[in-house]
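# Observations on the model geometry
In case you want the letters, here they are:
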Amino acid sequence: MKIGIMGGTFDPIHIGHLLLGEFAFEEFKLDEIWFLPNGNPPHKDTEDMDTSLTHRIEMVKAAISGSPHFKLSMHEAKKGISYTYRTMRDFHELYPGNEFYFILGADSLFSIEQWKYFKEIFPTCTILAAMRDDKDVRDMQKQIAYLKKKYEAEIELLRAPLLEISSTTIRERAAKGLTVHYFVPDAVADYIKEHHLYKEVEQ
Ligand code: ATP
Ligand code: MG
C-alpha cells in the first residue's frame, strides 16, 4: 500500500490539513492517509496552555469520519515528544511492505533542517510538500532541488489549493468570539463550540 502521513498538532484540524490529504491521495494515488497528531510535551508549565490531547484527537476523529481512506494514527499521541524519523521507522517495522509519503506545508519544508535528526527522515519516505503563505512554486522547486541534492531526499511538489488558513488564526478567532465555521468541518466547529475551546488564547 501507499500510505500518506499527515503529521501535525491539529489544534484544531482545519480544511487546509484535510485538503492536503485529499490532494495527496488523488495526485499520488495513495491508498490511505493517516492523520498523526503529536502528543503533548511533558514539560509544559501550565497544563491548560495547550488544548488537551483528547480534544485534539476528538476533533481529528470528527473531521475524518466521513472519509474511509482517512485514518487516525495514535502512534505519536501516546508519547510526549516524537521524532518523525523514529515514527517512520516504527511504521516500517509495524506495517512492513508499504511505501510512506510524508505530507507537509512549505513552512515545514523550509524549516526541516532545524528539526532534530531530520536527515534520518529522508531514507524512510517520500516527502510531499505543498505551497503555503508567501512561498511560490519557484521557491518550492528551489528548496526541493536543494534538499534532494544535499541529502539524497525524495521530495515532490504537492499541488493543492493555496489556503491562508492556520490553526493559530482559528484559535484567535474563537478567542475573539468570531465564527470558525468554514475554516473547519461543521463537526469540528460544533465540537469547539460545545467544549468552549480557545476561549482564552495566549497570543
Ligand atoms: P499552527 O498555527 O498552530 O502552527 P497549523 O495550521 O500550522 O497550526 P499544524 O498542525 O502546525 O497546523 O500543521 C501540520 C502540517 O500541516 C504542517 O506541515 C503545516 O505546514 C501544514 N499546513 C497547515 N495548514 C496548512 C495550509 N493552510 N496550507 C499548507 N500546509 C498547511
Ligand atoms: Mg504550524
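Residues numbered from 1 in each chain as written. Chains lettered and ligands numbered in written order. Predicted model: local features only at pLDDT ≥ 70, side-chain atom pairs only at ≥ 80, totals over all residues. Heavy atoms only, no water.

### Details of the packing of aromatic side chains
Tallying each qualifying case throughout the model produces 12 aromatic pairs. Between Y85 and Y117 the ring centres are 5.4 Å apart and the planes differ by 65 degrees, which places this aromatic pair in the edge-to-face class. Within this pair, whereas Y85 is found in helix α3 (residues 84–94), its partner Y117 is found in the loop between α4 (106–111) and β5 (126–130), the two being separated by 32 residues in sequence. Here Y85 falls in the buried class, since its relative accessible area comes to 14%. On the basis of an interplanar angle of 80 degrees and a centroid distance of 6.1 Å, the ring pair of F118 and F122 is categorised as edge-to-face. The exposure classification of F118 matches that of F122, with both residues buried. (Phe/Tyr/Trp six-rings, centres within 6.5 Å; stacked < 30°, edge-to-face > 60°. Helix = DSSP H or I, 4+ residues; strand = E, 2+ residues; numbered from the N terminus. Buried < 20%, exposed > 50% of the residue type's maximum accessible area, 1.4 Å probe, protein only.)

### Section: the site of ligand 1
Taken together, 20 residues sit near ligand 1, with H14, D107, S108, S167 and T168 positioned nearest. Between ligand 1 and T168, the relevant distance is 2.4 Å, taken from an oxygen atom to a side-chain nitrogen or oxygen of the residue. With respect to ligand 1, the side chain of R171 contributes an N or O atom lying 3.1 Å from an oxygen atom. Considering ligand 1 on its own, with 600 Å² of exposed area, one finds that the protein chains cover 86% of that surface. (Near = heavy atom within 4 Å. Polar contact = N/O pair within 3.5 Å; in protein donor to acceptor, adjacent residues only side chain to side chain. Areas by Shrake-Rupley, 256 points an atom, 1.4 Å probe, with all protein chains shown as cover.)

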